[in-house]
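# Remarks on the overall topology
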Amino acid sequence: MKEPDDEDADGGKSDGSKSGGKQSRRASQSASTTKEDDKVLEDATDETFAEGEESYLEDDDSCGEHLEGSSSSLQDDFVESTGESQYMEMPGPVAEESEEEIKKISPNFFYDYMELVLMPFVTPDSNIPLDLLTLVHSFGYDCRRRANLQLPDSNTVMYIAGNQLILLNLKTKEQMYLRSSSGRGIGVIGVHPDKMYVAVAEKGVSPKIIIYEYPSLRPYRILRDGTDLAYAYVDFNNSGTLLASVGDNPDHTLTIWNWKEEQPILRTKAFSQEVFKVTFNPDNEAQLTTSGSGHIKFWEMALTFTGLKLQGSLGRFGKTATTDIEGYMELPDGKVLSGSEWGNMLLWEAGFIKVELCRSISKCCHQGPINQIMLDEGEVITIGSDGYIRIWDFETIDTADTIDESGLLEIEPINELQVDKNVKLFSMIKMNETGNNVWLAQDASGAIWKLDLSFSNITQDPECLFSFHSGAIEALAVSPLTYLMVTTSLDCSIRIYDFGSRTPLAHVKFKQGGTALAWVPRLVSYTGAQIIVGFEDGVVRILELYDPKGLTIFAGRKKFLDADLRLQYVIKPHTAHVTALAYDRDGEILATGSKDKTVFFFDVENNYKPIGYITTPGPVCQLIWSTIIHPESTLLILCENGYVLEAPYPTIKEDVEDQHVVSYEIKDMRTKCFHFSSVKSKILRLMEIEKRKKQKELKEKEKEERRKQLAAVTGEDGENESQGEEEEEEEEEEKPLPGIFIPSNPCPILCGFYSGPGKFWVSLGGYDSGFLYHCELPPYDKSSDITEKKDEPFDFRLIEDTEDNPIQTITFSANQYMMFCGMQDGAIRVYILSQNDLSLTNMENYWHFNIHDNNYGCIKGISTSFDDRFLVTTGADSNIFVFSIFSEFELRESIKAKVPSPRFGIETEPIPEDIFDPKAYSIENARRKREHDKLMKEVEEIKARKREQLRALRNQFQKLLKMNEELPKHMQLKRTDFDLDSKIRAEMNRKTVYEINQVEKELAWEKEKHQLGLRKLQHRFHDSLQSDAIVVHAIQSEHKISSYRLVKPSKYSRYKRASQSERKTSKLDRFDKEGPGIKDSQKDIGGDMNVPEESIIEKGKQFRPKTLSQIMVENEIEKTRKLVLKAERAQLKIQQRKKEWEELYKSKPADDYEDPKDVQAIKEAQVCMGDFNLKTAPDYKIPEHMRINAAKKEEELGQLDSMTYSKKIHMNKSILSLRDLKVAVIEEIQCLVQELKNIQSTLHISKHVPIPQIPQIHPEEVPEKRFHYDEKTLLAFKQQLMQSKDEKPPQVEPVASTTPGSGFLRLAPGKDGDLTTRDSLSRSSKALAVSLDIQKTMEFEKADPTDVELEIMKRDEIKHVYMQQYLTNRIKELIVTFDAELRLLRHQKLKLDTQMKLSDLHHLTLFQETLLLKNFEKQENTLQERVNSLDKEERDMQWKINETLKEMEEKKNEITRLQDQEKALYAAFQTALGENNKFENFLMKVLKKKIKRVKKKEVEGDADEDEESDESSEEESSLESGEDESGSEDEVFDDSICPTNCDMGLFELALQLREKRLDIEEALVEEKKIVDNLKKENDILSKKVRNVATNLNAAEEALEAYQREKQQRLNELLVVIPLKLHQIEHVVFGEIPSDLSGTLVFSNHSLRRLQERIVQLQEENSKQQKLNKEFRERRKQLIREKREISKSINKMEETVRQLMISKFGRVIDLEALQTLSVNTTLEELRIKKLRKELLNAKEIKMWEEKIAQVRWELMMKTKEHTKKLHQMNDLCIEKKKLDSRLNTLQNQQGNAFQGLRKADIVAREKVTELIHLQAERIVALKEEIALLRKKGGFILPPIQSAQENR
């Protein structure tokens, strides 16, 4: 069945060689041809595709919501447009009847693979077979393609290789191929969840998704129009009914397909940038997720009122940096866990980042991007580019949340696996192996790995199944002798393949990537065993291939591969990529070209001795030596920038030393140059002119024929008409010809080859692609400038369909009958030529097929085998394809390449030293460096001579200075007189300072770098240390003690999770527990704070006298209170007595009662006595308290670590104290030695005692001083380094004593002065005083001593001898004491070392147990959860049963109560009737008559019931009651009328009691029904309890079995227990057996305890027997006492009854009598009334007091105002007087000085006035005193006079 797109393009042609693939290819390429038919065909196909695109765009425009979602109505439009062409087999009537319905496809319908698949294109009417090339094998793997590893079944791997889908059998290594249908490549593949179908999404214009059935590989469904150019990802949903696809650039369309019906359900644009992935949520198929460049998007298929929509929400990064997201995973609850570029995990919820997950100390989860995240068996698996696979706890991630503003949460992986070094994991898929957790991983570094993720004791190491090149394959070379090929790539590897037997043989890796390859010709290496490789750093290596199996095999040699490579030569001629390698036709010269614009020549026969090099105008891309048909051997050099050079054969200078040659450059080589100039525009112009000329000739012929026809028919009139037509045609203007265009930048030369002497063909890229240009080299012209010349080719060949797809590489078959071309789009084109036709005269017919990837699969290398049977291609897509070339001779036998045998003595030959440094000097640079070094050496010699001259002048100057100093003072020259110019010295000093500053600036970066490096080293190695190792040496002996080197405890150990018992209560728990108390306390505190004010008020009230009313109220209240309190006390006493009786009855033990103390003792004995069965016993049951899990074991491990850490810390502190003691001892010895020396200076030498040697502090005793340094230390270290470089290192011991490091460890007074103690200082001061006294005595002049002096000297001598001996003994004592302390501490440390070793062994055991328990933890938790759930369920049901039983008991009690009420009712009625009542029978019948009454409604006032239903129910009930009454008794009597002479009161009482009886009977019926229901419910619950108990027992047995299995696995662990010989008591015939496997390790303490326990049990048994006997006697006595007490009780009850009858006349209720109290309500109302009256009286009195107070205030205000008026009147009078006085004084100015009489008068008046004022003041004060004496008196302060104021 053909594709719909191919039907129109087929036309009616039936040519077998032309298939649908060619039409599809041409329709997509739109190439220009010269044939008119082809042009018309191309125009037609372009128009059809344009129409299709427009229609597609119209469909998109009609969609209302193209970006956010699409309605399901698109489905109908899609079916209408494509249904007819897709499903041609469906019957016609069905299609006519239901055009709008979706056409169903038969489940058994399949497409034809041969009609669907792309076939090679062959030129029409040629004899080229379609199977000219047949794909035989693929050696490559596109490891960097996303999701390029799928697993359709457990034995087959599926991946994309160019235009093929390869299915590789893992067991047989066989390959199957599925070709692309479009010819433009395959985008992505996917596998159905059921492994029954495979989805292949292709690339090209409107690519298809083809669903193949597996394993038949028949095309099952084809999905069309899902994207524009390529698919990026496809994914099936979990049920396999839907398929999601997302397109690549430029549209990124997301489509949801109903793939079985080939219909799109939903379609929308996923994002504006590249989308990497789309997946369904496994738990909710309506949710999808897409991720890509800088985004993640969450989708949901929602059913709206307009139809089904695809709604997407973009993830918002917030504070987190935007990142590309490769891997993600949907969680069951809708959250999404994704990776990031920096390696952390992001947890998304509701479109936002909930938390970012990292490891401890903010370390990233992976060092690089996370490429895949999966959920497997409840664990999260992450795959990173760092080569690690990490396993995380799902629950920790699912419940993760932020704890601070950083948004980070630290978690640690459960397990991790590093696959290997330099591994970049890209994707991973699980293999379906039962019982194994095995995965296949895609390594972006070029491998497929098999990984075991079980993480158990038998986990297998990662296994590399296949190894490939990573990235583009740069070069290819084929052996000239056998079916071997070699490839290289920038991944630094070189690989050897046997393409005959289809097996990889060997590979080797170097430091740099390979860029060029060549197989050394047989003229150089006859066995074909040498390969030459060029690398990106300019190095060229010659490798020798050999079969290692031919080597001499020694014992212990590893297993050999089929081939191996050995380095033979290594040279570095270039400084950039080596791009070309070529041997001349005689094999004597090797030429190497590079991007550094040089071509180097080597003499092959002289061990590749360099000849020289020439420079080229551009980077070299290809080198071709001329063949034998050329008269001379020349080298054709193709440069990338359009230059082509031809270099002659270089001359080899034999026996000429090149020591004096400065450079290898060959400057006199006669090189021809061709500078290509673009001629494509001219060619196109000529082709257009030729085309128009042919069209014109055709038109002329048509016109001539038409003219002849018209002339024959019409005669002259026809001629006139024809002339008119010609004039009209001449009037038509011709279109302008294409212009001449030359690109500004030259187009790159891609490849070329010789066609003859001085002639060559080249293929160019860019604008000049589409042609092969034939060029001729111009003659050599030394004077011409090659950069300015422009040369044009003299011939060309048009290459069809290569306008944008130039030929990248060309090779020929051995007979040059075929030309193989590798195209830029990854296609292979084969041209059939005439034999030896290098001019390409017959290059017309060709075979074309797309094989590599069309986007990035440019063919880098193409080559045929030595016998033209095979063709090998390598591409930039990492693929290597091997084809068999069509031949009439079939290969009947299997072909296998023969690896060359190793040369004789190859093992003994030394391997040349390889060049590893990419910055190493090339040959030319090394030569120039040698010359430069030679020149610098000469310059240094000149400098040395100058320095010698300066040294001689300096010595002469020093001599002159000395002569000047020897002269007299007045004749000496000053120092400044020697300066010729002071400015010179100042300038020199300034320059010196400037140079020092410059050096400091230059070295600032290095200084900072080294300081930073030092800090990093300290942080990495030193800061993590808690204490370094300190070794303290003894002073006299060789003993020493060393401390423990401890690392600071990790964060995990410091912040270890608290156990359940030690865990602190949470805030919520504390609030629940302490909250009420805290609130109450706060209230109390608040109340206390308010107490002072209230207490003051209360105290004030207490001190006030009580009124009569208050006393009356209080008396009433107290009286009532006493009455109530008396009744309450009586009631409380009765209740308390009842309670005591109830408790007494409850405390009565049952018949099967057991003492709780005995039960607890038995339980404790069962738990604590221990079960000493062996843990290896099959019936061993693990007690509950001995069950262990991983958390407890980790806690135990942490406790062990903390205990050992604390002990080591304690020992380190002791050793540090010992070190400090040694320092103090040494200081004291120093002081004592100094005193000893002072004393010996006064003694004769014969009486001297040897001075003890002062001990030294060893460097290892103060390791912290290793980090203390100064300038001297650094200089000494530098000098030591220089000496170690120049000389051989001396012995270690002598150097250790003189190393600069030991210098600063000595105790110098300046540096170690802080270590001196007060005692040493005091002793040193005393010694100094003694020495000063001795010196003072020695200062006097010597004289003959007198007798007294002699006696004094003798005494001093004796004293000094004694002090000398004492100090010596003191030094010895200090040394011996210190050594004793050290030995004692050393003994303790040896014991501690033993304990630490034991703890290490225990730590190892605990760690192994922890690992084992972690493996069991998951299943154990599952079983424990099941047991807990069943136990909880059983307890809940048991609680329900107890509640039911309790309720049944209550109902039974209620029934008994109702029955008692009924009996009491009959008894009361019988009492009311009295005796001998003649109407007793009638009234009893009335009372006992059964009447069916209307049932009372349970809910009164129900508004939902209708009135009619109520009436009908009443009628029915009345009828039923009537029937019951009629049928109940034979005798009918009327109970509605009271008989005559019957007491009406008794009749009414009978009716009332009958109603009560009926109520009681109804209540009894209801209660019995409830009891029956409760019994049924109880039975059901009992059955459920039994079932649950059975399940619980089964679950507990399963848990116990799992615990036993866990214990068995723990028993398998080996535990080391060191024992001494005396501890081994298992002796056979007096000897210890050799096999102790059957022994039991048991502690002596437990054994003694068991033996003592036997005696204890015997004693307890006898005690229990005695107690049993005593208790029996006690029981008998209690029974006798009980009988007596019961008799006394009966007597007392009878006495009480008689007393009641005698006193009250009947038996009364004493409790009611005692609780009789007053009417509290009435008393409270009376008290309330009395209080109200008293309050009203008090309020009236208060208002009267207020009125009196206001009246008094009014009177006081009136008095005050009157007084103020009087004061104002006085002031006015005084003012008037003052005015008159003022006037008088103004009139009599100066009279005061006229005489004494006048002044006296004035004075007298003043005194008089003063007296008057004082009298007025006295009166005012008296009035004020009188007012103040009155109650409530108030007066203003007196008015002061003006004089008083003054």
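Everything quoted here is computed from the prediction, not taken from an experiment.

With that settled, the discussion passes to the overall build of the protein. When its secondary structure is counted, the protein shows 30 helices and 62 strands. For the protein, the proportion of its 1846 residues judged to be buried stands at 36%. Summarising the internal contacts of the protein: among those between residues at least 6 apart in sequence, 60% fall at separations of at least 24. Accessible surface computed for the protein: about 117,000 Å², of which carbon and sulfur atoms make up 53%.

Further remarks concern the state of the cysteines. Covalently bonding the sulfur atom of one cysteine to the sulfur atom of another cysteine gives a disulfide. Summed over all chains, the structure comprises 0 disulfides. Of all cysteine sulfurs, the one in Cys 751 lies closest to Cys 821, which takes part in no disulfide; the gap is 7.5 Å. Relative accessible area serves as the criterion here: at 0%, Cys 821 is assigned to the buried category.

Moving on to the packing of aromatic side chains. Here the structure, examined in full by the defined rule, presents 38 aromatic pairs. Each ring, one from Tyr 1362 and one from Tyr 1366, has its centre 6.5 Å from the other, and the planes form 20 degrees; the classification is stacked. Of this pair, Tyr 1362 and Tyr 1366 both sit in helix 22 (residues 1347-1473), 4 residues apart, roughly one helical turn. Residue class for Tyr 1366 comes out partly exposed when judged on its relative accessible area of 44%. Members of the aromatic cluster, joined through ring pairs, are Phe 674, Phe 676, Phe 760, Phe 771, Tyr 773 and Phe 796. A cation sits over an aromatic face here: Arg 390 above Tyr 388, 4.5 Å from the ring centre.

A word on unusual backbone geometry. Glycine aside, negative phi is the norm for most residues, and most peptide bonds take the trans geometry. The step from Tyr 214 to Pro 215 runs through a cis peptide bond, and the omega angle for that step is 10 degrees. With respect to the element layout, Pro 215 can be found in the loop between strand 9 (209-213) and strand 10 (219-223). For the bond running from Asn 249 to Pro 250, omega is 5 degrees, close enough to zero to count as cis. Secondary-structure assignment places Pro 250 in the loop between strand 12 (243-247) and strand 13 (253-258). Not every positive phi belongs to a glycine, and Lys 173 is a case in point at roughly 65 degrees.

This part is about the packing of helix 22 against helix 25 (residues 1544-1612). Relative orientation of the contacting elements helix 22 and helix 25 amounts to 165 degrees, with a least axis distance of 6 Å. Viewed along their axes, helix 22 and helix 25 adopt a mutual orientation that is roughly antiparallel. Of the two possible hands of crossing, helix 22 and helix 25 adopt the one that is left-handed. Along the lines of polarity and charge, the residues of the contact of helix 22 with helix 25 split into 37 nonpolar, 10 polar and 23 charged.

Quick look at the pattern of salt bridges now. Side-chain pairing between opposite charges can occur once the charged atoms of the two side chains come close. Under the definition given, this model contains 56 salt bridges. With a shortest N-O distance of 3.4 Å, Glu 1264 and Arg 1219 are connected by a salt bridge. Of this pair, Glu 1264 sits in the loop between helix 17 (1190-1240) and helix 18 (1271-1286) while Arg 1219 sits in helix 17, and the two are 45 residues apart along the sequence. With a relative accessible area of 35%, Glu 1264 lands in the partly exposed category. With its nearest N and O atoms 3.4 Å apart, the salt bridge here joins Arg 1435 to Asp 1431. With Arg 1435 and Asp 1431 both in helix 22, this residue pair falls 4 residues apart, about one helical turn. The exposure class of Arg 1435 is partly exposed, given its relative accessible area of 48%.

It is worth spelling out a negative patch on the surface at this point. Judged by side-chain charge, Asp 1151, Asp 1152, Glu 1154, Asp 1155 and Asp 1158 come together as a negatively charged surface patch. Examined against the element boundaries, Asp 1158 turns out to sit in helix 16 (residues 1156-1168).

So, about the confidence of the model for the protein. For the protein, the mean per-residue pLDDT works out to 80, and 81% of the residues sit at or above 70. Low pLDDT, under 50, characterises residues 1288-1341; the predicted model gives this stretch 45 contacts beyond four residues in sequence or across chains. In this model residues 1841-1846 is a low-confidence stretch, pLDDT under 50, and it forms 5 contacts with partners more than four residues away in sequence or in other chains.

Before going further, it helps to examine a positive patch on the surface. On the surface, Arg 1672, Arg 1675, Lys 1676, Arg 1680, Arg 1683, Lys 1687 and Lys 1691 cluster together into a patch of positive charge. Assignment of secondary structure puts Arg 1672 in helix 26 (residues 1644-1704). Note on Arg 1672: relative accessible area 55%, which makes it exposed.

What follows is about the sheet that holds strand 9. Pairing is antiparallel in the open sheet, where 4 strands are placed in the order 7-8-9-10. Because the sheet does not close on itself, it has two edges, and the strands there are strand 7 (186-191) and strand 10. Looking at each pair of strands side by side, their axes are set apart by 20 degrees on average, direction ignored. Summarising the sheet, strand 7 and strand 8 (residues 197-202) pair through 5 bridges and their orientation is antiparallel. Following the sheet pairing, Ile 186 is matched in strand 8 by Glu 202.

Bringing the side chain of Arg 1187 into the picture now. The topology assignment puts Arg 1187 in the loop between helix 16 and helix 17. A relative accessible area of 14% places Arg 1187 in the buried class. Within the local environment of Arg 1187, its side chain forms a polar contact with the side chain of Glu 1600, the two groups lying 2.3 Å apart. Not counting the four nearest positions on each side in its chain, Arg 1187 is found in contact with Ile 1182, Lys 1192, Leu 1599, Glu 1600 and Gln 1603.

How each quantity is defined
- Residues numbered from 1 in each chain as written.
- Predicted model: local features only at pLDDT ≥ 70, side-chain atom pairs only at ≥ 80, totals over all residues.
- Heavy atoms only, no water.
- Helix = DSSP H or I, 4+ residues; strand = E, 2+ residues; numbered from the N terminus.
- Buried < 20%, exposed > 50% of the residue type's maximum accessible area, 1.4 Å probe, protein only.
- Contact = heavy atoms within 4.5 Å.
- Areas by Shrake-Rupley, 256 points an atom, 1.4 Å probe, with all protein chains shown as cover.
- Disulfide = S-S within 2.5 Å.
- Phe/Tyr/Trp six-rings, centres within 6.5 Å; stacked < 30°, edge-to-face > 60°.
- Lys NZ or Arg CZ within 6 Å of the ring centre and 35° of its normal.
- Axes fitted to C-alpha atoms, helices over the stretch in contact; angles between N-to-C directions.
- Parallel < 35°, antiparallel > 145°, perpendicular 65-115°, else oblique.
- Left-handed = near helix turned anticlockwise from the far one by under 90°.
- Nonpolar A, V, L, I, M, F, W, Y, C, P; charged D, E, K, R; others polar.
- Salt bridge = Lys/Arg side-chain N within 4 Å of Asp/Glu carboxyl O.
- Patch = residues over 30% accessible without salt bridge, like charges linked within 9 Å, V, L, I, M, F, W, Y side chains within 5 Å.
- Lys, Arg positive; Asp, Glu negative; His and termini not counted.
- Charge placed at Lys NZ, Arg CZ, Asp CG, Glu CD.
- pLDDT = per-residue confidence, 0-100.
- Pairing = 2+ DSSP bridges.
- Polar contact = N/O pair within 3.5 Å; in protein donor to acceptor, adjacent residues only side chain to side chain.

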